[in-house]
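Architecture and fold: a report
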Amino acid sequence: MTLLFLANRFPYPPFRGDKLKIFHLAKRLAAKGHTLHLLTFLESDGDRAYIPELQQIFEEIHLVKLPKAKSLLRVAKGVFSEVPFQVLYFRSLQMQYAVDDLLRKNRYDAVHVQHLRMAPYMARHRELPRLLDLPDAFSLYWKRRLSISGNPVKKRLERLEYERVYSFEKEMIDAYDRVLTCSAEDQSFLQTEHGASNLALLPNGVDLDQFGGPPHDYSGNKTLLFTGNMDYAPNVDAVVHFAQDIFPLIRQHHPDATFIIAGQRPVKSVQALASAHTTVTGFIDDLATMYREASVLVAPLRFGAGTQNKVLEAMAMGVPVVCSQVGFNGLGIADGQGAFMRTDATSFAQQVVALLDSEVMRKQTGEAGQAHVRSQFGWDAIAERLETYLAAVANR
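Figured I'd write up the structure that's included with this text.

What the 6 strands build is an open sheet, ordered β10-β9-β8-β11-β12-β13; its pairing is parallel. Because the sheet does not close on itself, it has two edges, and the strands there are β10 (278-282) and β13 (339-341). Each adjacent strand pair in this sheet contributes to an overall mean axis angle of 25 degrees, direction not counted. Of the strands in this sheet, β8 (223-227), β11 (296-299), β12 (321-323) and β13 touch helix α13 (residues 309-316), which is tilted by about 165 degrees from β11.

Now the structure itself:
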């Protein structure tokens, strides 16, 4: 098949969720002989240095600049619009011209559109087979974010965005042949809220070559790890919540426990968490090394949706996980089969303490999670599922 990938971010280096997914899926589809074209935004001219890496996957690469100042101005002007702010940020006439021009010049068997932000560019092209790949159920994300918001002014803005997203999300779902969600929880939510009947599941995956290696060492050094982009609001909230509300309870039982926050672009509120017992690393080139050194991966996210790469990667390496419902419900496991779900600070801390107390529990939990993720979440299997969906819409 000849396929067009319409992506919201330049998919290299594959260090964040939206970049990771496009890179790994496209890489495997290209290896199977499909012809791939990429159209995406260029937010930094420095990304041009990585074009040779993507040329090994995509036959054609088309870039549209997205100046940050213009994006912010569009958002500011859109206060009285009904379009979500995040969609306004990525609104571009140049991108729409590029989409229309490519469709005139090429015959695509199907188009893969990544993210709600990019959905409008292909929404009116109903003559073409199209998939919309949602990393999250965004209305669920904003619903959860609203539930923990305290600042009245901030909460009002968040409610406005939730209402806009809810309406816009339904409109875009209805405009596409097939809409993909990354967890069964997201799929069920969208079916219930929007009455959508064109949903299918395409989970996030794990690079089993990168996150593999020798068996995990369960002897234990009492290192608690959190990974992720540290300018992403759910991650920022999670580590601040852990450091302030959960970690002190753990240290009452294990005063020598340490907390490592590993991820690029830590904001000031994250940097401020650094102490004798908490390390903020900034960017880490090889996250697999961090997982090897961890006793427990902690992910107390209080809002968000979908599945979490940090949870999948840790489980793939045999690291036991304690997480909230965000990141757990999409795993398809029972509590304790690789990860424990705990939703309040006290029970979360108690479960981490129980794992630190028992090498046997760490080993049993870690090995169960590793077996599950390696059988269900490898990128090869997920790319095959996407290939099936693309073929189905191409033959509609």
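In this chain, Tyr12 is followed by Pro13 through a cis amide linkage whose omega measures -5 degrees. Along the chain, the position of Pro13 falls in the loop between β1 (2-7) and α1 (17-31). Phi is positive for His115, which is not a glycine, with a value near 85 degrees. Non-glycine residue Lys222 carries a positive phi angle of around 60 degrees. The residue Lys222 is located in the loop between β7 (199-201) and β8 in this model.

Before going further, it helps to examine the sheet that holds strand β6 (residues 178-181). Spatial strand order, β3-β2-β1-β4-β5-β6-β7: 7 strands in an open sheet with parallel pairing. A strand with exactly one partner marks an edge of an open sheet, and here the two such strands are β3 (60-65) and β7. Geometrically, the sheet is characterised by an average inter-axis angle of 20 degrees between neighbouring strands, direction not taken into account. Taken together, the 4 bridges between β1 and strand β4 (residues 110-114) define a ladder with parallel strand orientation. Along β4, the bridge assignment pairs Leu4 with Val111.

Disulfides are covalent bonds that connect the sulfur atoms of two cysteines. For the coordinates displayed, the defined rule picks out 0 disulfides. Its sulfur unpaired, Cys182 is 14 Å from the next cysteine sulfur, which belongs to Cys323. For Cys182, a relative accessible area of 1% gives the class buried. Residue classification places Cys323 among the buried residues on the basis of a relative accessible area of 0%.

What counts and how
- Residues numbered from 1 in each chain as written.
- Predicted model: local features only at pLDDT ≥ 70, side-chain atom pairs only at ≥ 80, totals over all residues.
- Heavy atoms only, no water.
- Pairing = 2+ DSSP bridges.
- Helix = DSSP H or I, 4+ residues; strand = E, 2+ residues; numbered from the N terminus.
- Axes fitted to C-alpha atoms, helices over the stretch in contact; angles between N-to-C directions.
- Contact = heavy atoms within 4.5 Å.
- Disulfide = S-S within 2.5 Å.
- Buried < 20%, exposed > 50% of the residue type's maximum accessible area, 1.4 Å probe, protein only.

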